[in-house]
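Spelled out from the first residue to the last, the chains are:
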Amino acid sequence: MNAGIGLKARTRSQVCFFEGAMIIGSADRPSSSWIRSSNSMILVAILTIFAVRLATLGTLAVTDNTEARHAEIGWHMYRTGNWVTPTFYLRGQLKPFSGKPPLSFWMTAAAYQVFGVSEWAARFPSWLLGGAIVLMTVLFGRRFWSAQVGLLAGLVLASSGLFFVLSGACILDMALAATVCLAMLSFAFFVAGDTNSIWWGRAFFLALGLGCLAKGPVSVVLVGIALVGWLALTRQWKVLKRLPWVSGTAIAIAVAAPWYVLAERANPGFLRYFLINEHILRYLKHDYGDRYGGGHTQPYGASWVMLVVAFLPWTPLLIRFAIESWRGRRSAAAEPRDMWLMYAIVWGVTPAVFFTLCRQILVTYVVPGFAGLALAAAVVLVRWLQSTEKAELLRLLRVSTVCSTFLLLVAFTGELIYPVSPVEFVGFLAAASLCFAAAWFGHRRSDGMFLSSAVGMGIPLFMTMVLSSGSTLINDTYSTKTIVARVAGLTEARGWPIVLPMGDENSANFYVEACHDGRIVRHTDRGASCVLERVEQSPQEILVFKRKHWRSLNPEVRRGLYPVTETGHWVAFSTQNPAPQAPTVAYNDDEQGPQ
């Protein structure tokens, strides 16, 4: 194996990490029994992380508006059987959703078909895709470095903050990340000249076609930028001639083109809006707002800040490596480079580079590069642990395990104050015990792999426990799940439809119709005029408001409404008294409806 980027090797038996890179498999390679035990611990850590994520997919409500919108679109596909045009309710009308391709929606609808409609089913495809990305990352690391690098890369990826969150969210970015990962893996295997490399070349084009169904041409752009950057750095341009361009292009077109053709036929003008507005204008215009809401304007270069935060807890390791590599760039200039480490780094930073000059971005846009960053971090960790500067890394890992242990203790304290179900508590306790055991063994044996496993398990477990303890508050604040359940449980108003006159929360559509088999009365008009209209007509309906919207209404309008139920964030009223004695509802502002 060649020396790493910017790292100058001394000897096979004595290597200073920041001046050289350990050749994996060299004379002072650790014993096979140590490697087996370390690899087993890393594998257990990965499985624990994904088991915790799978068990808690349904803990939180689908949140407004993005996640709820995607869950609703999948439900409409499942309900209607229309797999061509994604649809959802917008300002009271069922509209085609032309903002994104359908791959994730197809997977969500399929999950509803198998498991029934629920938050758990809506998020299950992202969990599967997350597992697939981790598996591909492990295979990549094993092929180009070692089994230990592959497993450690899988652990780094599975435990990175944003990746862990998105692997349990009804979000399209996991499908994009999976297709980008498949494309990058296939291209690398093709270049490496593996057996049946021609099929890896075709798999590369298959991944590009799937990427176009996942989130559009941006997938091809991200893969293209990463590969062009790596080819330019390594001067490997000749490999492009070997790609099966004819058969590969035919595969990509066969995979992606049919849906685009059918979507344009069903919704004339779709291609123009999707390609021009959702790709070009969204990238170029800082104040861009699409058909479905306002944009998310960020400062130039925000993608780098997002990357640093989203890849925690492993970001400091890569930053340290980058700084030391830059300092030693002159002494390492004449040394051979590890071209596959370079491949991983270029892959990892490509999304941040691409979106540097774009101001309409979300933090999820950097996720397609996480697998590359995880591979780079794993290589750095293994080589550092096999260098003469191992002690410094062990100190950092020990500090990290102490911090994660403290966070877990804080999380358990929170669960005593805001209790979770006994089953959840026992599960968290079992996972935390495994994390503590790995930390203790790593401290006792000065084992970097066990310490890394403890760090990898600690942060996702802490995040999950905090979210579980705060699920009641989160569900009420960022979703309509709680208030819809309260309204559905009203015996005196059973069957009355729900109206949200001051908002357009997609979660209400999902929970009322998909989960409670109720009805929503939708209006194209929103605001005080809609409320006044309902008061004057006085139908049998339940009007649901956020508290801040309720307080903004004219007192005369409020007096025409009867309170029926409330939560911390929502209040519900009727224009008719649903019971002889309507319940008293407190609003903490002396602005109650009639009692």
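The structure we're discussing is the one just above.
Residues numbered from 1 in each chain as written. Predicted model: local features only at pLDDT ≥ 70, side-chain atom pairs only at ≥ 80, totals over all residues. Heavy atoms only, no water.

Draft legend 1. Region of interest: the overall build of the protein chain. What the protein chain contains, in helices and strands, is 25 helices and six strands. The buried share of the protein chain, taken over its 595 residues, is 55%. Partitioning the contacts of the protein chain with sequence separation of at least 6, the portion at a separation of at least 24 is 75%. A total accessible area of about 24,900 Å² is found for the protein chain, and carbon and sulfur atoms account for 61% of it. (Helix = DSSP H or I, 4+ residues; strand = E, 2+ residues; numbered from the N terminus. Buried < 20%, exposed > 50% of the residue type's maximum accessible area, 1.4 Å probe, protein only. Contact = heavy atoms within 4.5 Å. Areas by Shrake-Rupley, 256 points an atom, 1.4 Å probe, with all protein chains shown as cover.)

Draft legend 2. Examining helix α17 (residues 390-417) more closely. A rise of 1.5 Å per residue sets the reference length of α17, with its 28 residues, at 40 Å; its end C-alpha atoms lie 41 Å apart and thus fit the reference within 8%. All of the buried residues along α17 are Leu393, Leu394, Leu397, Thr401, Ser404, Leu408, Ala411, Phe412, Gly414 and Glu415. Against α16 (370-385), α18 (422-445) and α19 (448-469) lie the buried residues of α17. (Expected span 1.5 Å × (residues − 1).)

Draft legend 3. Structural view of the packing of aromatic side chains. Across all of its chains, the model carries 38 aromatic pairs by this definition. Between phenylalanine 189 and tryptophan 200, the aromatic rings sit 4.8 Å apart at their centres with planes inclined by 75°, giving edge-to-face as the arrangement. In this pair, phenylalanine 189 is assigned in helix α7 (residues 173-191) and tryptophan 200 in helix α8 (residues 197-214), connecting sequence segments eleven residues apart. One aromatic cluster is present, built from ring pairs that chain together Phe140, Phe144, Trp145, Phe189, Trp200, Trp230, Trp340, Tyr343 and Trp347. Here arginine 53 stacks its cationic end above the ring of phenylalanine 164, 5.0 Å away from the centre of that ring. (Phe/Tyr/Trp six-rings, centres within 6.5 Å; stacked < 30°, edge-to-face > 60°. Lys NZ or Arg CZ within 6 Å of the ring centre and 35° of its normal.)

Draft legend 4. Representation of the nonpolar core in the model. Membership of the largest hydrophobic core comes to 129 residues, with the highest contact counts inside it found for Phe140, Tyr343 and Phe370. Residue contributions to this core peak at 15 residues, all from α7. Setting aside anything within four residues of it in sequence, one finds tyrosine 343 in contact with Phe140, Met184, Phe187, Ala188, Leu227 and Trp230. Counting residues in each nonpolar core, the second largest holds 29 residues, with Leu490, Ala493, Leu500 and Ala572 among its members. (Core = buried A, V, L, I, M, F, W, Y, C linked by side-chain atoms within 4.5 Å.)

Draft legend 5. Structural context of unusual backbone geometry. Cis geometry is found at the peptide bond from aspartate 64 to asparagine 65, where omega equals -5°. Relative to the helices and strands, asparagine 65 is located in the loop between α1 (32-55) and α2 (66-80). The backbone of arginine 235 shows a phi angle near 55°, a positive value even though the residue is not glycine. By secondary structure assignment, the location of arginine 235 is in the loop between α9 (218-234) and α10 (239-242). Arginine 235 gets classed as exposed once you look at its relative accessible area, which sits at 71%. The phi dihedral of serine 446 is positive, around 50°, even though this residue is not glycine. Here serine 446 lies in the loop between α18 and α19. On the accessibility criterion, serine 446 (29% relative accessible area) is partly exposed.

Draft legend 6. Inspection of empty space enclosed by the protein at higher detail. Scanning the entire structure with this criterion turns up six cavities of 30 Å³ or more. If you add up the space inside the second largest cavity, you get close to 70 Å³. Lining the second largest cavity are His70, Ser104, Phe105, Thr108, Ala122, Pro125, Ser126, Leu129, Cys170, Ile171 and Leu172. Breaking the lining of the second largest cavity down by element, the ones donating at least two residues are α3 (103-115) and α4 (119-144). (1 Å grid on protein atoms, 1.4 Å probe; cavity = no way out; pocket = protein on both sides within 12 Å on 5 of 7 lines; lining within 4 Å. Points joined across faces, edges and corners; volume = space filled by probe spheres on them.)

Draft legend 7. The arrangement of the pattern of salt bridges in detail. For the structure shown, the criterion picks out nine salt bridges. We note a salt bridge from arginine 383 to aspartate 338, for which the minimum N-O separation is 2.7 Å. In this pair, arginine 383 sits in helix α16 while aspartate 338 sits in the loop between α14 (315-327) and α15 (339-354), placing the two residues 45 residues apart along the sequence. Owing to a relative accessible area of 1%, aspartate 338 belongs among the buried residues under this scheme. Of the charged contacts in the structure, one is a salt bridge between arginine 559 and glutamate 556, with a shortest N-O distance of 2.7 Å. With arginine 559 and glutamate 556 both in helix α25 (residues 555-559), this residue pair falls three residues apart, about one helical turn. Accessibility expressed as a relative area gives 58% for glutamate 556, which makes it exposed. (Salt bridge = Lys/Arg side-chain N within 4 Å of Asp/Glu carboxyl O.)

Draft legend 8. Inspection of the pairing of strand β5 (residues 562-566) at higher detail. Examined bridge by bridge, β5 and strand β6 (residues 570-574) share four bridges and lie antiparallel to one another. The residue of β6 that forms the bridge with glutamate 566 is valine 571. Connecting β5 to the next strand, β6, in antiparallel fashion are three residues. (Pairing = 2+ DSSP bridges.)

Draft legend 9. Quick look at the sheet that holds strand β4 (residues 542-546). If you walk across this open sheet you meet the four strands as β3-β4-β6-β5, and the pairing is mixed. The sheet terminates laterally at β3 (498-499) and β5, the two strands that pair on one side only.

Draft legend 10. A look at the pairing of strand β1 (residues 87-90). Of the two faces of β1, the one carrying Thr87 and Tyr89 and the one carrying Phe88 and Leu90 are both buried. Where β1 meets strand β2 (residues 93-96), four bridges bridge the pair, whose relative direction is antiparallel. For phenylalanine 88, the partnering residue across the bridge sits in β2 and is lysine 95. Linking β1 to β2, which pair antiparallel, is a turn of two residues; within it arginine 91 sits at a positive phi near 50°.

Draft legend 11. Just the packing of α2 against α3, in detail. At their nearest, the axes of α2 and α3 sit 8 Å apart, and the two run at 65° to each other. Handedness of the α2/α3 crossing: right-handed. Of the residues in α3, those in contact with His70, Ala71, Ile73, Gly74, Trp75, Met77 and Tyr78 of α2 are Phe105, Trp106, Thr108, Ala109, Tyr112 and Gln113. The residue makeup of the contact of α2 with α3, split by class, is nine nonpolar, four polar and no charged. (Axes fitted to C-alpha atoms, helices over the stretch in contact; angles between N-to-C directions. Left-handed = near helix turned anticlockwise from the far one by under 90°. Nonpolar A, V, L, I, M, F, W, Y, C, P; charged D, E, K, R; others polar.)

Draft legend 12. Structural view of the environment of leucine 281. Tracing the sequence through the fold places leucine 281 in helix α12 (residues 270-284). C-alpha separation for the pair leucine 281 and glutamine 360, spaced 79 residues apart in sequence, amounts to 9.5 Å.

Draft legend 13. Structural detail: the side chain of serine 146. Checked against the element boundaries, serine 146 lands in the loop between α4 and α5 (147-159). Engagement of the side chain of serine 146 in a polar contact is seen with the backbone nitrogen of valine 149, the distance being 3.2 Å. (Polar contact = N/O pair within 3.5 Å; in protein donor to acceptor, adjacent residues only side chain to side chain.)

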